[in-house]
Amino acid sequence: PAGRLMLTNMLAIAEYRSDEIGRGWSGTTQRRADRGQHHGRPLGYVKRDKHLVPDPTVGPAIAEVFRRYGGGEPIGEVTAYLAAVRGVAMHTPNVKKMLRNPVYRGMVVAGDEILPGEHDALVDGPTWERVQDRLTAEAGTPPRALAATWSLVGLVVCPREHRLQRQGD
């Protein structure tokens, strides 16, 4: 019984410290965002003098990924392109998450707030909007259903706003 008591107390203290550390980092992240500084280093940027600047190699590739995806290229091909440029395997869900990140528009995120940042954007406004519209339209649809196996897949829309999808053989 004494051992269980000690274990319970030690775990409670560890949880308390973890919560304290988390609160401290949340405050740090919020203060940095209020100053327009991004917390961390997103793909396509490097840090110089505590500021984000576009990476000379990966930055243009990120901009190209946005252009390709906004232009209608399948997400699998976009992912393969980015993986080839980086020389590191990439996964489609991670690329889609990256495409939703407002840091590429020159913004910073603090909690639920999106604030103006003090770093250069890698994506222009119209391209960003096309990408976000496509991500919204394709949300919940598996990539295999959007594959261009039929000439009208993804183009034909019924009166209920459903897109034509491939349904097996």
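The rules we used
Residues numbered from 1 in each chain as written. Predicted model: local features only at pLDDT ≥ 70, side-chain atom pairs only at ≥ 80, totals over all residues. Heavy atoms only, no water. Helix = DSSP H or I, 4+ residues; strand = E, 2+ residues; numbered from the N terminus. Core = buried A, V, L, I, M, F, W, Y, C linked by side-chain atoms within 4.5 Å. Buried < 20%, exposed > 50% of the residue type's maximum accessible area, 1.4 Å probe, protein only. Contact = heavy atoms within 4.5 Å. Salt bridge = Lys/Arg side-chain N within 4 Å of Asp/Glu carboxyl O. Pairing = 2+ DSSP bridges. Phe/Tyr/Trp six-rings, centres within 6.5 Å; stacked < 30°, edge-to-face > 60°. pLDDT = per-residue confidence, 0-100.

Quick look at the environment of Glu118
Right, on to step 1. Take Glu118: it is sitting in the loop between strand 4 (113–116) and helix 5 (125–137).
Right, on to step 2. Each C-alpha atom, one on Glu118 and one on Val53, is 9.7 Å from the other, the two residues being 65 residues apart in sequence.

Details of the nonpolar core
Right, on to step 1. Residues Ile62, Phe66, Leu82, Val95, Met98, Leu99 and Tyr104 are the most contacted members of the largest nonpolar core, which totals 23 residues.
Right, on to step 2. Put simply, the parts of the chain that give this core at least two residues each are helix 2 (58–70), helix 3 (75–86), helix 4 (92–99) and helix 5.
Right, on to step 3. Ranked by the residues each element gives to this core, the list is headed by helix 2, at six residues.
Right, on to step 4. Every residue in contact with Met98, bar those within four places of it in the chain, is listed here: Leu43, Ile62, Val65, Phe66, Leu82 and Tyr104.

Quick word on the pattern of salt bridges
Right, on to step 1. Going through the model one piece at a time under the given rule, you end up with five salt bridges.
Right, on to step 2. Across the salt bridge formed by Glu20 and Arg17, the nearest N and O atoms sit 2.3 Å from each other. One end of the pair is Glu20 and the other is Arg17, both in helix 1 (residues 2–34) and three residues apart, which spans about a single turn.
Right, on to step 3. A residue is classified by how much of its surface remains accessible, and Arg17, at 43% relative accessible area, is partly exposed.
Right, on to step 4. A salt bridge links Glu138 to Arg134, with the shortest nitrogen-to-oxygen separation between them at 2.8 Å.
Right, on to step 5. Using a relative accessible area of 16% as the deciding quantity, one classes Arg134 as buried.
Right, on to step 6. The structure contains a network of salt bridges with shared partners spanning Glu64, Arg67, Arg68 and Glu73.

Concerning the pairing of strand 1 (residues 45–48)
Right, on to step 1. Where strand 1 meets strand 2 (residues 51–54), four bridges bridge the pair, whose relative direction is antiparallel. Bridging from a neighbouring strand, Val46 pairs with Val53 of strand 2.
Right, on to step 2. If you look at the hairpin formed by strand 1 and strand 2, you'll find two residues sitting between the two strands, and Asp49 has a positive phi there, around 50°.

Focus on the packing of aromatic side chains
Right, on to step 1. For the coordinates displayed, the defined rule picks out three aromatic pairs.
Right, on to step 2. Residues Tyr45 and Tyr104 carry aromatic rings whose centres are separated by 6.1 Å and whose planes lie at 25° to one another, so their mutual orientation is stacked. Remark: Tyr104 occurs in the loop between helix 4 and strand 3 (107–110) and Tyr45 occurs in strand 1; sequence separation between them is 59 residues. As far as the burial class goes, Tyr45 and Tyr104 line up, both buried.

Brief notes about the confidence of the model for the chain
Right, on to step 1. Looking at the chain, pLDDT values average 82 and 80% of them are 70 or higher.
Right, on to step 2. Across the chain, helix 2 holds the top mean pLDDT of 93, while helix 6 (residues 143–146) sits lowest at 61.

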